[in-house]
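Understanding the architecture of this molecule
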Amino acid sequence: MLDYVSDKVQDEARQGEAFAPFTQDQNSYKKRFYIESYGCAMNFADSEVVAAILYKEGFGATKNVDEADLIFINTCSIREKAEQTVRKRLSDFKKTKAQKPGMLVGVLGCMAERLKTKFLEEEKLVDIVVGPDAYRTLPALVTEAEGGQKAVNVLLSREETYADISPVRLDSNGVSAFVSIMRGCNNMCSFCVVPFTRGRERSREAESIVNECRNLFEQGYREVTLLGQNVDSYYYAADNQPTVTFAMLLEKVALISPLLRVRFSTSHPKDITDDVLHTMVKYENICNNIHLPVQSGSSRILQLMNRTYTREWYKAKVDRIREFMPNCGISSDIITGFCTETEEDHAETLSIMEYSKYDYSYMFFYSERPGTLAERRYDDDIPLEVKKRRLQEVVDLQGRLSHESNKKELGKTFTVLIDGDSKKDETEWKGRNSQNKVVVFPKGDHNLKKGDYVDVEVLDCTQATLLGKIV
Ligand code: SAM
Ligand code: SF4
């Protein structure tokens, strides 16, 4: 079923990724846990916090589900399809659990928060249900479940940011890491379940963020992505200390080292300020890329979505970004077939995509979520085949825009941060430029490694990749 399309294959490919930094670890552990993650980058970052909490309590990770004593699945509720995927995965675990008496299965994250104890009624094999703000209690919940009780903690918090926990990194490339700077969301976009599953917005203490980024840099990481549902509303005010805004936080992280690239996601179009754009211009290591989800190009639909901006406001934001940074990459999230969407509304979405010239987009058809404002207020009245046809038109247009955007780069030279071998050919490197475009080029006889910067001239391109040579 086509409900989610991204030309950044990387993210889609991470769905269900199993996490195990200790696979080579010879230490002995009292128990082994297996954790699989779904959904947004925030959830993947949370799995790293969960791993840190469990590791501290003497649990070691494994990538092999059959040798696990504990299976955790970190879930996503954003669309119905995401929940179905988790249900299916749970049914796969039934066999594993039947073969290993005493094995416990825990559900973490947004779906745990949304369904709470209902999960235990609906999925008999689940022993533990933990919401996104209750991970510190996980070791105690495991003990409770070992005693034969079903263990649940889905309390949301107004304070929890896990600021003091050093996440145990997913050992994917050792070059880029996600750093959570805030949790929850206070925006009430009518289609979205996040405010209900992740609670009120709260910002993490600035110094703990800067320290985490500095530690990453010292360990060899060369890129951090500051994460939040709405990073531009980051605001940290501690007693007797000056308030830190997002622009100030960006600057603090950028100052760690010119060799540390800084990215951030997501920017709500209503909140991104000139201060942030000024800071991006001031520091070369803050990448020229802004993820600015539009959702729809129609002001009428945007109002129903409660996005609090209009088509004109959004276009003015794009103009402003280009004024500050003519070469800034801009990407988006788009939903087709929201309640009452007409062909005219849809045409406006296509035209705002053309206007904004997105480099890439995450594209979805509308999926009604229980408990959201839209579910309570509006009819989900667009037939599935119409939602899908419009999504396909959006996807096709994005394909053309991505290709056109890449073709404009032919002949230019970019500084690329190498993050690994090219997937297709080990004699080639893969990396990204500041605009977040993937660049692939032959290794040649240069003595380079992952985490190095190199200048690459673009000679050719596909829709998703720039192809070049070292200069
Ligand atoms: N906080 C971010 C923002 O405001 O752009 C995004 C959060 S959400 C995890 C990621 C994307 O999922 C949204 O931007 C939206 O396009 C999509 N999404 C959220 N709820 C949806 C729904 N009910 N149906 C389809 N897509 C949805
Ligand atoms: Fe959901 Fe809107 Fe918050 Fe993003 S800003 S998480 S879309 S409610």
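Residues numbered from 1 in each chain as written. Chains lettered and ligands numbered in written order. Predicted model: local features only at pLDDT ≥ 70, side-chain atom pairs only at ≥ 80, totals over all residues. Heavy atoms only, no water.

Some words on empty space enclosed by the protein
Gaps left between atoms show up when a probe the size of a water molecule is rolled over them. By the definition in use, this model includes one cavity of 30 Å³ or more. As a volume, the largest cavity reaches approximately 100 Å³. What lines the largest cavity is a set of 15 residues, among which Val49, Pro167, Ser180, Arg204 and Glu212 lie closest to the centre. Going through the elements one at a time, helix H2 (41-56) and strand E9 (176-180) are the ones with two or more residues in the lining of the largest cavity. (1 Å grid on protein atoms, 1.4 Å probe; cavity = no way out; pocket = protein on both sides within 12 Å on 5 of 7 lines; lining within 4 Å. Points joined across faces, edges and corners; volume = space filled by probe spheres on them. Helix = DSSP H or I, 4+ residues; strand = E, 2+ residues; numbered from the N terminus.)

Points about the site of ligand 1
Of all residues adjacent to ligand 1, which total 15 residues, the nearest are Phe191, Gln229, Gln295, Asp333 and Ser367. Within the contact set of ligand 1, an oxygen atom lies 3.4 Å away from a side-chain nitrogen or oxygen of Arg79. Take Gln295: an N or O atom from its side chain is 2.7 Å from an oxygen atom of ligand 1. In the complex, the protein chains occlude 91% of the 560 Å² of accessible area that ligand 1 would expose alone. Elements with a minimum of two residues in the shell around ligand 1: strand E17 (329-336) and strand E18 (360-365). Each residue belonging to the shell around ligand 1 can be placed in one class, and the counts come to seven nonpolar, four polar and four charged. (Near = heavy atom within 4 Å. Polar contact = N/O pair within 3.5 Å; in protein donor to acceptor, adjacent residues only side chain to side chain. Areas by Shrake-Rupley, 256 points an atom, 1.4 Å probe, with all protein chains shown as cover. Nonpolar A, V, L, I, M, F, W, Y, C, P; charged D, E, K, R; others polar.)

A short note on the sheet that holds strand E15 (residues 261-265)
Judged by pairing direction, the sheet is parallel, and its three strands sit side by side in the order E9-E12-E15 without closing on themselves. Of all the strands in the sheet, just E9 and E15 have a single pairing partner and so form its edges. Pairs of neighbouring strands in the sheet enclose a mean axial angle of 25°, with direction left out of account. Across five bridges, the pairing between E9 and strand E12 (residues 223-227) is parallel. Its bridge partner being in E12, Ser176 is matched across the sheet by Glu223. Strands in contact with helix H8 (residues 206-218) are E9 and E12; relative to E9, the strand with the most contacts, it is inclined by about 170°. (Pairing = 2+ DSSP bridges. Axes fitted to C-alpha atoms, helices over the stretch in contact; angles between N-to-C directions. Contact = heavy atoms within 4.5 Å.)

Focus: the packing of aromatic side chains
Within this structure, the stated rule accounts for eight aromatic pairs. Judged by centre distance (6.4 Å) and plane angle (80°), the ring pair of Phe191 and Phe338 falls under edge-to-face. Here Phe191, found in the loop between strand E10 (182-183) and helix H7 (194-198), pairs with Phe338, found in the loop between E17 and helix H13 (343-356); they are 147 residues apart in sequence, far enough to count as distant. For Phe191, a relative accessible area of 12% puts it in the buried group. Looking at Phe338, the relative accessible area reads 0%, which means it is buried. A network of ring pairs unites the aromatic residues Phe191, Phe338, Tyr366 and Tyr378 as a single cluster. The lysine or arginine in question, Lys315, covers the ring of Tyr355, its NZ or CZ lying 4.7 Å from the ring centre. Positioned over the ring face of Trp429 is Lys443, at 4.3 Å from the centre of the ring. (Phe/Tyr/Trp six-rings, centres within 6.5 Å; stacked < 30°, edge-to-face > 60°. Buried < 20%, exposed > 50% of the residue type's maximum accessible area, 1.4 Å probe, protein only. Lys NZ or Arg CZ within 6 Å of the ring centre and 35° of its normal.)

So, the side chain of Thr75
Within the fold, Thr75 resides in strand E5 (residues 70-75). Only 3.0 Å separates the side chain of Thr75 from the backbone nitrogen of Met111, close enough to count as a polar contact. When near neighbours in sequence (up to four residues on either side) are disregarded, Thr75 contacts Tyr38, Asn43, Val86, Val107, Leu108, Gly109, Cys110, Met111 and Ala112.

Some thoughts on the pairing of E5
Within E5, six of the six residues are buried, which leaves it mostly tucked inside the rest of the structure. Pairing geometry for strand E3 (residues 31-37) and E5, over five bridges, is parallel. Note on E5: the bridge partner recorded for Ile35 is Phe72. Pairing geometry for E5 and strand E6 (residues 104-109), over six bridges, is parallel.

Regarding the sheet that holds strand E20 (residues 428-432)
On the basis of which strands lie adjacent, the closed barrel formed by five strands has the order E19-E20-E21-E23-E22 and mixed pairing. The mean inter-strand angle of the sheet, taken between neighbouring strand axes irrespective of direction, is 55°. Both strand E19 (residues 413-421) and strand E22 (residues 453-461) contribute to a ladder of five bridges, which runs antiparallel. Residue Val416 lies in a different strand from E22, and its bridge partner there is Val454.

What about H13?
Two residues of an α-helix separated by three or four positions point the same way, owing to the 3.6 residues in each turn. Here H13 is 14 residues long and its end C-alpha atoms lie 20 Å apart, about the 20 Å a rise of 1.5 Å per residue gives. When we look at burial in H13, the residues that qualify are Asp345, His346, Thr349, Leu350, Ile352, Met353 and Ser356. Projected onto a plane normal to the axis of H13, the buried residues spread over an arc of 160° and lie on a single side. Buried residues along H13 sit in contact with helix H11 (299-304), helix H12 (311-324), E17 and helix H15 (384-407). Positive backbone phi, approximately 50°, marks Lys357, located one or two places after H13. (Expected span 1.5 Å × (residues − 1). Arc of directions from axis to C-beta.)

A word on unusual backbone geometry
A cis geometry characterises the amide bond from Ser265 onward to Thr266, with omega recorded as 10°. In the Ramachandran plot, Gln295 falls in the positive-phi region, its phi being about 70° despite a non-glycine side chain. Positive phi values are uncommon outside glycine, yet Thr340 reaches one of about 70°.

Description of the packing of H13 against H15
Between H13 and H15, the shortest axis-to-axis distance is 10 Å and the interhelical angle comes to 15°. In terms of orientation, H13 and H15 fall into the roughly parallel class. Here the hand of the crossing between H13 and H15 comes out right-handed. Facing Glu343, His346, Thr349, Leu350, Met353 and Glu354 of H13, the residues of H15 in contact are Val386, Arg389, Arg390, Glu393, Val394, Leu397, Gln398, Arg400 and Leu401. (Parallel < 35°, antiparallel > 145°, perpendicular 65-115°, else oblique. Left-handed = near helix turned anticlockwise from the far one by under 90°.)

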